[in-house]
Amino acid sequence: MVTRRYGNKEIWLYIILSAAILVMRLWHIAELDGPFVFNDEAGYWSHAANMVGLSWTNVEELWYSYGYSILLVPLFWITHNMQLLYRMAIVVNALMGVAGFAIGNAIIHEIEEDIDDVICMLISFVAVSYSSYLFQSNIAWSETFIYTWFLLVIWHFARFCKKTTWLSVIVLTGEISFLYVIHNRCIVIFVAYIMTLFYMKFKKKIEWEKITIAVLMIIGICILNSFVKVRLSEIMWGGIENGFGGNDISSQTDKLKLLLGVSGLKRLIASLAGKVWYLFSATLMIAYFGMVNVLKQFLSAIYWRKDDNENESKSFFYLFLGLFICGTIAITSIAMSPEYADPSQNIRLDLYFYGRYSEAVSGILIILGLLYIFKLSKRWFWFIELVSGLVLYLILFRILYLYTANIDRFWVNIVCVPGIYFFKDFSLQEISNYVLLFYIIGCVIGFIFSKWKKVRMICVSIPMMISFVVVYKNTFNAHIMPGQRTYDCVLNTCEILNQNTKYTIYNLIRNNYKNGIRTRVVESDMKFDIPLNYPKDYFVIAEWSNEKVADLLEQEMYLVAVSGNNFCLFGRGNNLKSDLVSQGYKCNDLEQLSIESLDKINLNLQLSDSSTKEVKHGSDLIVDVILKADNDNTVILNDNGYLLSYHIYDVSGNELLWDGKRYAINAYKGEGVVRVSIDADELNSVDECIIVFDVVEEGVEWLSKVGAKTISLDVNIAKE
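Note that the structure is predicted; figures quoted are calculated from it, not measured. (Residues numbered from 1 in each chain as written. Predicted model: local features only at pLDDT ≥ 70, side-chain atom pairs only at ≥ 80, totals over all residues. Heavy atoms only, no water.)

Colleague: I keep staring at unusual backbone geometry and nothing clicks. Help me out?
Modeller: When glycine is set aside, most residues are seen to have a negative phi, and most peptide bonds are trans. For lysine 204, which is not glycine, the phi torsion reads 60 degrees and is therefore positive. Turning to its location among the elements, lysine 204 is positioned in the loop between helix 9 (188-202) and helix 10 (208-237). Overall, lysine 204 belongs to the exposed group, its relative accessible area being 74%. A positive phi is found at leucine 284, a non-glycine position, where the angle reads about 55 degrees. You can see leucine 284 is positioned in the loop between helix 12 (261-282) and helix 13 (286-303). (Helix = DSSP H or I, 4+ residues; strand = E, 2+ residues; numbered from the N terminus. Buried < 20%, exposed > 50% of the residue type's maximum accessible area, 1.4 Å probe, protein only.)

Quick look at the structure:
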């Protein structure tokens, strides 16, 4: 490895480019107030909150990997203000952009030791300024962490191929395993890693002992990962079986069944063509040259006449990289394979070329593609490669077009394809025409400046950067700004509801569940310290039936879920209110109403005998607590999260114990009895104490804090 020392010019350029990365990624930070990409962001933030002991249960109904959540945990040590938390997460994303720039430089120097420092920095800068990466940096979810960590893995693997030590095996295996922990879609990294290790063994460049320790580490980390998933799912939903619908690895295997047979194969080909078309389009065909570079470097290393260490290490590196790139595209093609479209229906078009899952490889493909263009000299077989790229792109577009041309009604989830939003009116044909125009002009520039490599790089890189920034601005304005405005609306709604009811609002769904807008406001856990001016035209429908929910939600109503699995319907606007009243609904203004439909089950707690009890020193206290509902027909279920517990105070009212043991409230109507056994260890610190029995909705709140009744028991501890 060559040790590099930058001169003053290079140091200043490095600082300027790093500052530019920060500016581009933090330019809109004042406009970002909180999570808006649901369910994803809610899943990551929920894990982080639960890791620090906050009560964020049932915030999200699907499982999301917790690797990125680990990065968010320290932010909760600083503040619980969601606006500040979110902006700090965006700052972390910006810093990861600078880290990616540094790692990109290191990768280039590792694989091309004689490259000019200025060109190296330019290539790395363009790669981390890729439009999708700029877009993802404005969202507090795992995407930025994934591609930055993957660049770290690539750099370490390049060094690993040159010198394989015990320490490098352990560290690299840990890094690779953590990439899977960040997101399970990166599982293909294990396949690429193990296959490369076996190839290295075939070439006698690694010992079986090192391969064994790598495999055992992967198995051990996967087992630990499963244990953590079970534990987090217990906190979130009470069990692993309650929160993995459609978002775990096993559920993805069902999609493989849809690819069986001739029709399934056609569907897979269409999906694969769409994913590669997206990578080529979003990177303005630079990814194509990156793939060509990987293939040629691997083949040249294998068939090089001189079997030296340098070429063997290159073959290991490019084999690993090629396997991961191909595996990532394959995983995306299978996981996001589109359904056959009915042209009469509103179709989610982006599933055909879904790019978010394969964006991890875009950065390294841009680096390798630009390196390939920089190193080329004018020669005829390059012309064949250029024509091949043009033909391949046209074929991919044609396959994609055949499947989508007749779809008139569609919508595009921009957050999943942010690299190709070139035009306000989404058109696959216009996108392809723009990419082809850029490609042809770039090829002409390459031939004209074939002898001036630096000029050629500047002529290619500057238009690329301009295009990346334009696409980023389009996607930001089209998705992030409307998302933040919607989030602000949700924020106001939850604040208003929390001011007008004694129960904490934690879930809000709008527009017939289509947008999936959700948030949570938990007293003492997450606070929004933002001054708000509340409009006065909010109202609640006092009486409604489940049969009417869908119809009402189509009328811009909100379905609000609150603690205890209770719901109410909530809306805004005097015209809407008048319309609903004319339909026979009873609507109440929030200012005039403490919302009755949000009330929890009112429980009366009673003791089976007297309110005073004597117990011997060193003995447990056993007492029966009667729970009685106001309504004899009320069914109280432990499944709803209600548990009987207690607090202990001394006779002066000082708290000795707040969180007593939990006791299940079994299903019953009207009345039931729970036997409580309090350990002697909890009683022996004083001669007299007061035990207050209370009901807790686990992970949410104690009912006494929202007005529910408790019952007290005076206890005398008799000395022996």
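Colleague: Hey, could you run me through the pairing of strand 12 (residues 642-649) in this one?
Modeller: The side chains of a regular strand alternate, first on one face of the sheet and then on the other. Across the eight residues of strand 12, eight count as buried, placing the element largely inside the fold. On strand 12, burial covers both faces: Tyr642, Leu644, Tyr646 and Ile648 on one face and Leu643, Ser645, His647 and Tyr649 on the other are all buried. Looking at chain direction, strand 12 and strand 17 (residues 688-697) are connected through eight bridges and run antiparallel. Bridge pairing in strand 17 links leucine 643 to valine 696. When strand 12 meets strand 14 (residues 663-664), the two strands line up antiparallel, connected through two bridges. Among the inter-strand pairings, leucine 643 is bridged to a residue of strand 14, identified as alanine 664. The pairing of strand 12 with strand 13 (residues 655-657) spans two bridges and is classified as antiparallel. (Pairing = 2+ DSSP bridges.)

Colleague: Where do I start with the pattern of salt bridges in this structure?
Modeller: For side chains of opposite charge, pairing can occur when their charged atoms come near one another. In the structure shown here, the tally under the stated rule is 13 salt bridges. Here arginine 356 and glutamate 143 are joined by a salt bridge, their closest N and O atoms 2.9 Å apart. Of this pair, arginine 356 sits in the loop between strand 1 (347-348) and helix 15 (362-375) while glutamate 143 is found in helix 7 (residues 143-162), placing the two residues 213 residues apart along the sequence. Comparing arginine 356 with glutamate 143, the two get one shared label, buried. Among the ionic contacts, a cluster of salt bridges with common partners joins Asp40, Glu143, Arg185 and Arg356. (Salt bridge = Lys/Arg side-chain N within 4 Å of Asp/Glu carboxyl O.)

Colleague: Quick question: what am I supposed to make of the packing of helix 1 (residues 8-26) against helix 5 (residues 117-128) here?
Modeller: Axis angle and axis distance: for two packed helices, these are the angle between their axes and the distance between the axes, and together they describe the pair. Across the interface, helix 1 lies against helix 5 with an axial gap of 10 Å and an inter-helix angle of 5 degrees. Taken together, the axes of helix 1 and helix 5 are roughly parallel relative to one another. Mapping the contact onto sequence places Lys9, Glu10, Leu13, Tyr14, Leu17, Ala20, Ile21, Met24 and Arg25 in helix 1 and Asp117, Val118, Met121, Phe125 and Val128 in helix 5. Class assignment of the residues belonging to the contact of helix 1 with helix 5 gives a composition of 10 nonpolar, no polar and four charged. (Axes fitted to C-alpha atoms, helices over the stretch in contact; angles between N-to-C directions. Parallel < 35°, antiparallel > 145°, perpendicular 65-115°, else oblique. Contact = heavy atoms within 4.5 Å. Nonpolar A, V, L, I, M, F, W, Y, C, P; charged D, E, K, R; others polar.)

Colleague: Can you walk me through the packing of helix 2 (residues 40-51) against helix 3 (residues 67-78) in this structure?
Modeller: Look at helix 2 against helix 3: their axes get within 8 Å of each other, and the N-to-C directions meet at 55 degrees. Compared by their axis directions, helix 2 and helix 3 come out oblique. The way helix 2 lies across helix 3 gives a crossing that is right-handed. Mapping the contact onto sequence places Tyr44, Trp45, His47, Ala48, Ala49 and Met51 in helix 2 and Tyr68, Ser69, Ile70, Leu72, Val73, Leu75 and Phe76 in helix 3. When its residues are assigned to classes, the contact of helix 2 with helix 3 shows 11 nonpolar, two polar and no charged. (Left-handed = near helix turned anticlockwise from the far one by under 90°.)

Colleague: Would you mind going over the pairing of strand 19 (residues 711-718) with me for this structure?
Modeller: Note that strand 9 (residues 612-616) and strand 19 share five bridges and pair parallel. The partner of lysine 613 across the bridge, within strand 19, is valine 715. Sheet analysis places strand 17 next to strand 19, joined by six bridges and oriented antiparallel. Across the sheet, the residue bridging to valine 692 is serine 712, located in strand 19.

Colleague: Help me understand helix 10, please; the structure alone is not making it clear to me.
Modeller: One full turn of an α-helix is made of 3.6 residues, so residues set three or four places apart face in the same direction. Look at helix 10: 43 Å from first C-alpha to last across 30 residues, which is about the 44 Å you get at 1.5 Å a residue. Every buried residue of helix 10 is listed here: Lys210, Ile211, Ala214, Ile218, Asn225, Lys229, Leu232, Ser233, Met236 and Trp237. For helix 10, the elements touching its buried residues are helix 2, helix 8 (166-182) and helix 9. (Expected span 1.5 Å × (residues − 1).)

Colleague: Just to check I follow, could you spell out the packing of aromatic side chains for this structure?
Modeller: Working definition: an aromatic ring pair is given by the centre-to-centre distance plus the angle between the planes. One pass over the structure, following the stated rule, counts 32 aromatic pairs. When the centroid spacing of 5.9 Å and the interplanar angle of 75 degrees are considered together, the rings of phenylalanine 145 and tryptophan 149 count as edge-to-face. Linking phenylalanine 145 with tryptophan 149, this pair stays in helix 7, spanning four residues, or about one helical turn. Aromatic pair tyrosine 354 and tyrosine 357: ring centres 5.1 Å apart, planes at 75 degrees, arrangement edge-to-face. For the pair tyrosine 354 and tyrosine 357, a shared accessibility class is recorded, and that class is buried. (Phe/Tyr/Trp six-rings, centres within 6.5 Å; stacked < 30°, edge-to-face > 60°.)

Colleague: I keep staring at the nonpolar core and nothing clicks. Help me out?
Modeller: Side chains of nonpolar character tend, in soluble globular proteins, to be buried together. Counting residues in each nonpolar core, the largest one holds 155 residues, and the members touching the most others are Trp45, Tyr193, Trp277, Phe353 and Ile420. Apart from residues lying up to four places away in sequence, tryptophan 277 is in contact with Phe353, Tyr393, Leu396, Phe397, Leu400, Ile420, Leu428, Ile431 and Ser432. Counting residues in each nonpolar core, the second largest holds 25 residues, with Leu607, Val674, Ile678 and Leu713 among its members. (Core = buried A, V, L, I, M, F, W, Y, C linked by side-chain atoms within 4.5 Å.)

Colleague: Explanation requested: the side chain of aspartate 650 in the structure shown.
Modeller: Mapped onto the fold, aspartate 650 is located in the loop between strand 12 and strand 13. The exposure class of aspartate 650 is buried, given its relative accessible area of 15%. Of the polar contacts made by the side chain of aspartate 650, one reaches the backbone nitrogen of serine 652; its length is 3.0 Å. With sequence-adjacent residues up to four places away left out, aspartate 650 is seen in contact with Leu656, Glu688, Cys689 and Ile690. (Polar contact = N/O pair within 3.5 Å; in protein donor to acceptor, adjacent residues only side chain to side chain.)

Colleague: Can you help me understand helix 13 in this one?
Modeller: Across its 18 residues, helix 13 extends 26 Å between first and last C-alpha, which sits within 8% of the 26 Å expected from 1.5 Å per residue. Every buried residue of helix 13 is listed here: Ile286, Ala287, Tyr288, Phe289, Gly290, Val292, Asn293, Val294, Gln297, Phe298 and Ala301.

Colleague: It is not clear to me how the confidence of the model for the chain should be interpreted in this structure. Could you clarify?
Modeller: Regions with low pLDDT should not have their predicted coordinates read in detail. Overall, the predicted model of the chain reaches an average pLDDT of 78, with 75% of residues at or above 70. Throughout residues 506-534 the model reports pLDDT below 50, and contacts reaching past four residues in sequence, or to other chains, amount to 92 contacts. The low-confidence segment residues 592-601, where pLDDT is below 50, has 35 contacts with residues more than four positions distant or belonging to other chains. (pLDDT = per-residue confidence, 0-100.)

Colleague: Looking at this structure, I do not really get the side chain of threonine 332. What am I missing?
Modeller: Of note, threonine 332 is situated in helix 14 (residues 309-335). Within the structure, threonine 332 has its side chain in polar contact with the backbone oxygen of threonine 328 (distance 2.9 Å). What threonine 332 contacts, discounting residues up to four positions off in sequence, is Lys275, Ser337, Tyr354, Tyr357 and Ser358.

Colleague: Sorry, what's going on with a nonpolar patch on the surface here?
Modeller: Where nonpolar side chains cluster on the molecular surface, the patch consists of Phe383, Ile384, Val387, Val391 and Ile395 and spans about 420 Å² of accessible area. In this fold, isoleucine 384 is placed in helix 16 (residues 380-404). (Patch = residues over 30% accessible without salt bridge, like charges linked within 9 Å, V, L, I, M, F, W, Y side chains within 5 Å. Areas by Shrake-Rupley, 256 points an atom, 1.4 Å probe, with all protein chains shown as cover.)

Colleague: Quick question: what am I supposed to make of the environment of tyrosine 472 here?
Modeller: One can find tyrosine 472 in helix 18 (residues 453-500). Overall, tyrosine 472 belongs to the buried group, its relative accessible area being 4%. Residues tyrosine 472 and phenylalanine 135 lie 337 residues apart in sequence; the distance between their C-alpha atoms is 5.8 Å. When residues no more than four places from it in sequence are discounted, the contact partners of tyrosine 472 are Met24, His28, Ser131, Leu134, Phe135 and Asn138.

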